[in-house]
Structures are given as C-alpha cells and as structure tokens.
Amino acid sequence: MKKEQRVNYILLTFFTFFLFSGIIYSQNTIFTNQVPASTGNDSDYELGTKFSSDLLANVNAIRFYKAAGETGTHTGKIWDNSGSLLASVTFTNETASGWQSINLSSPLLIQPNTVYTVSVNSNVIYPITQNELASQISNSFLHSVVGGNGVFNENPGSFPSQSYNNSNYYVDISAAALNTIFTTQLPTQGTFNDGPYEMGVKFTT
C-alpha cells in the first residue's frame, strides 16, 4: 500500500474513534419575546423555571427579568431535579429593570432530556404571568417543562419546588448545545504503526 493510500485509509478508520471534533451551536435562551403581564409584591421568594434540553449543552449564563422597583442583591442558581445545587452566581452591574444576565464562572454541562431548575431570589417586587407555563415554551433545543412549572420557595436561596397556576416568573438560562462529528463509530480494520503522521478530518457546519 502506498504511503498516500495508507494516510487516507487511516483517516477513514482509525481516527473515527480517536478524533471527536466538537461543534458549539449559537447561544439560546428559553424565553424570547415573552413579557410579564403584571407584578407581585407579597413577599420575598426564590423563583424559578423548570427546563430541559434536547441536546447535550453548556449553560453559560443565568438571566432574569427585573421588575421596576425591585432592589437588593440577586443570586442565580441551577438545581437538578432532586434539589441538589449545581451552580450559583451573584448578579452584578444590574440595570433598574428588564432582563439581567450574568455568566457562570465556568459552563455547566447539562444532559439531554433531563429536568433542571433555574432560580433567582426576589426581594421586593417580582414579574409574573399566570398560566404562561401551562403550555410548553420552546426555543430551538431548550424547553420549559409542562406541569407544576413556575416554581417558588418562600425561603430565598432554597430549592423552589412549589407552583401556583403555572406562573412564569421569567427566570432563564443562556446555553450552547454541543455536538460531535462522530458518535458510535469504531475502527473496523486494525491500526497502523508506520508513522508518525499529522491526522485530520475535513468538516462543515
């Protein structure tokens, strides 16, 4: 076998196992053009949204809609479905109202078809649209969860698991899906040891 033929052969077999070329999709959020219908001021809460992803993804930021008149420090949290805390970050440089966003110190990898909760504490005034989460809200690979969504806890900082009228409190994430060129492929015709070589795969997205 000629050297050039051997190189082509290796590209088609050996490195289907050892080369995993990652492709990162653009950032997505759960909510896009939704806006609060009203506000509440009956207490301070931990308010959240249950969500899932169709794809393996990195959560890079937490965001929330800040109602006019809301004050104080806000901390965003991401929890697994059993209430274990996975990530936490304190918001800085907030504006007076509207969407606020803060990057996590490092991306949080989330699994596909798995329920998570993102939450932020409210101190004085919070946004609310009742029954908005009774139907699924989807944006690309991210989805809200139908059934008992729009969650809260009367103790700020604690896992929010109660729900009232599937109310949307406008707590959200920003995430990028991950993918690879190769998935279940394995070498089928052995290996070569006549190198060294520089190996690669041409790809598009």
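Above this text you will find the structure in question.
Report on the accompanying structure.

What counts, and at which threshold
Residues numbered from 1 in each chain as written. Predicted model: local features only at pLDDT ≥ 70, side-chain atom pairs only at ≥ 80, totals over all residues. Heavy atoms only, no water. Helix = DSSP H or I, 4+ residues; strand = E, 2+ residues; numbered from the N terminus. Buried < 20%, exposed > 50% of the residue type's maximum accessible area, 1.4 Å probe, protein only. Areas by Shrake-Rupley, 256 points an atom, 1.4 Å probe, with all protein chains shown as cover. Phe/Tyr/Trp six-rings, centres within 6.5 Å; stacked < 30°, edge-to-face > 60°. Core = buried A, V, L, I, M, F, W, Y, C linked by side-chain atoms within 4.5 Å. Contact = heavy atoms within 4.5 Å. Lys, Arg positive; Asp, Glu negative; His and termini not counted. Salt bridge = Lys/Arg side-chain N within 4 Å of Asp/Glu carboxyl O.

A closer look at the overall build of the chain
Next up, step 1: Across its full length, the chain carries two helices and 15 strands.
Next up, step 2: Looking at the chain as a whole, 42% of its 205 residues qualify as buried.
Next up, step 3: Carbon and sulfur atoms make up 50% of the accessible area of the chain, which amounts to about 10,800 Å² in all.

Thoughts on the packing of aromatic side chains
Next up, step 1: Scanning the entire structure with this criterion turns up nine aromatic pairs.
Next up, step 2: Both rings, one in Y45 and one in Y126, keep their centres 5.6 Å apart while their planes meet at 85°; by these two values the pair is edge-to-face. Of this pair, Y45 sits in strand 4 (residues 45-53) while Y126 sits in strand 10 (residues 126-128), and the two are 81 residues apart along the sequence.
Next up, step 3: A residue is classified by how much of its surface remains accessible, and Y45, at 11% relative accessible area, is buried.
Next up, step 4: Ring plane angle 70° and centroid distance 6.0 Å describe the contact between Y126 and Y169, whose orientation is recorded as edge-to-face. Here Y126 is found in strand 10, whereas its partner Y169 is found in the loop between strand 14 (162-163) and strand 15 (171-180), with 43 residues between them in sequence.
Next up, step 5: Classification of Y126 as buried rests on a relative accessible area of 8%.

What about the nonpolar core?
Next up, step 1: V59, I62, I78, L104 and I173 are the most contacted members of the largest nonpolar core, which totals 32 residues.
Next up, step 2: Mapped onto this core, the elements with two or more residues apiece are strand 4, strand 5 (57-66), strand 7 (85-90), strand 8 (98-110), strand 9 (116-122), strand 10 and strand 15.
Next up, step 3: Ignoring any residue separated from it by four or fewer positions in sequence, one finds I173 in contact with N28, T29, I30, F51, V59, A61, I62, R63, I78, V118 and L142.

Things to note about the side chain of K77
Next up, step 1: Looking at where K77 falls in the secondary structure, it is placed in strand 6 (residues 75-80).
Next up, step 2: One buried charged residue, K77, remains without a salt bridge, the closest side chain of opposite sign being E46 at 5.8 Å.
Next up, step 3: Contact partners of K77, with chain neighbours within four places excluded, come to E46, I62, L85, A87, S88, T117, V118, S119 and G157.

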